[in-house]
Amino acid sequence: MMSIYTFLGALQAAIWFFFVPHLCKYIWPRLFGPHQADRLTGLAELCLWCGLLPNFVLYLVFVALPPYYLNWHFFERYKISNKEWPWRSGSREVRDRFWKSARRSLMLDVLYLSVGIPILAWIKII
């Protein structure tokens, strides 16, 4: 069963992807001057969206994951819970459940960033 948050996330993504660009067509010329659309604009937009996956990987490796894996005291004191991180748990069941969930989340992110967004960009361009 799909949760309400999945639906809201999909709705928000659709609004950002399909509604905001049309809204910006009217705002952009007033702020930055006229925009000349040609086929290269569509190609540039597609390249921008296809570049999300490498940027996501760089973000994970250099920004998001180090505070967790290096166990820095600065970040540890702002944890919401006093429980240990699930990947450091003494319970094998907790660790296995965490890694299963983490793999699923990562695969969905990779699929969305490498296939979903470029397809939506291509649909929007044509």
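Throughout what follows, the structure given in this document is the object of discussion.

Reading guide: rules and limits
- Residues numbered from 1 in each chain as written.
- Predicted model: local features only at pLDDT ≥ 70, side-chain atom pairs only at ≥ 80, totals over all residues.
- Heavy atoms only, no water.
- Helix = DSSP H or I, 4+ residues; strand = E, 2+ residues; numbered from the N terminus.
- Buried < 20%, exposed > 50% of the residue type's maximum accessible area, 1.4 Å probe, protein only.
- Contact = heavy atoms within 4.5 Å.
- Areas by Shrake-Rupley, 256 points an atom, 1.4 Å probe, with all protein chains shown as cover.
- Phe/Tyr/Trp six-rings, centres within 6.5 Å; stacked < 30°, edge-to-face > 60°.
- Lys NZ or Arg CZ within 6 Å of the ring centre and 35° of its normal.
- Salt bridge = Lys/Arg side-chain N within 4 Å of Asp/Glu carboxyl O.

Right, let's get into the overall build of the chain. From N to C terminus, the chain includes six helices and zero strands. Tracing the chain from N to C terminus, the helices and strands come up as α-α-α-α-α-α. Per-residue burial over the chain gives 13% buried out of 126 residues. Of all intrachain contacts in the chain linking residues separated by at least 6 positions in sequence, the fraction that spans at least 24 positions is 56%. For the chain, the accessible surface area stands at approximately 10800 Å², while carbon and sulfur atoms represent 69% of it.

Attention now moves to unusual backbone geometry. Note on backbone geometry: most residues besides glycine have negative phi, and most peptide bonds are trans. Look at N71: it is not a glycine, yet its phi comes out positive at around 60°. Its place among the elements puts N71 in the loop between α4 (66-69) and α5 (73-76). Using a relative accessible area of 38% as the deciding quantity, one classes N71 as partly exposed.

Before going further, it helps to examine the packing of aromatic side chains. Enumeration over the complete set of coordinates arrives at eight aromatic pairs. Ring geometry for F74 versus F75: centroids 5.2 Å apart, planes at 85°, classification edge-to-face. Residue class for F74 comes out partly exposed when judged on its relative accessible area of 45%. Three or more aromatic residues joined by ring pairs form one cluster here, namely Y69, W85, W87, F98 and W99. One residue, K79, lies across the ring of W85, its end atom 4.4 Å from the ring centre.

What follows concerns the pattern of salt bridges. Enumeration over the complete set of coordinates arrives at three salt bridges. Measuring nitrogen to oxygen at the nearest pair gives 3.9 Å for the salt bridge that ties D96 to R92. Taken together, the positions of D96 and R92, both in helix α6 (residues 92-125) and four residues apart, correspond to about one turn of that helix. On the basis of relative accessible area, D96 is assigned to the partly exposed category, the value being 39%.

The subject of this paragraph is the environment of R95. When you line up the elements, R95 lands in helix α6. For the pair formed by R95 and W85, sequence separation is ten residues and the distance between their alpha carbons is 9.2 Å.

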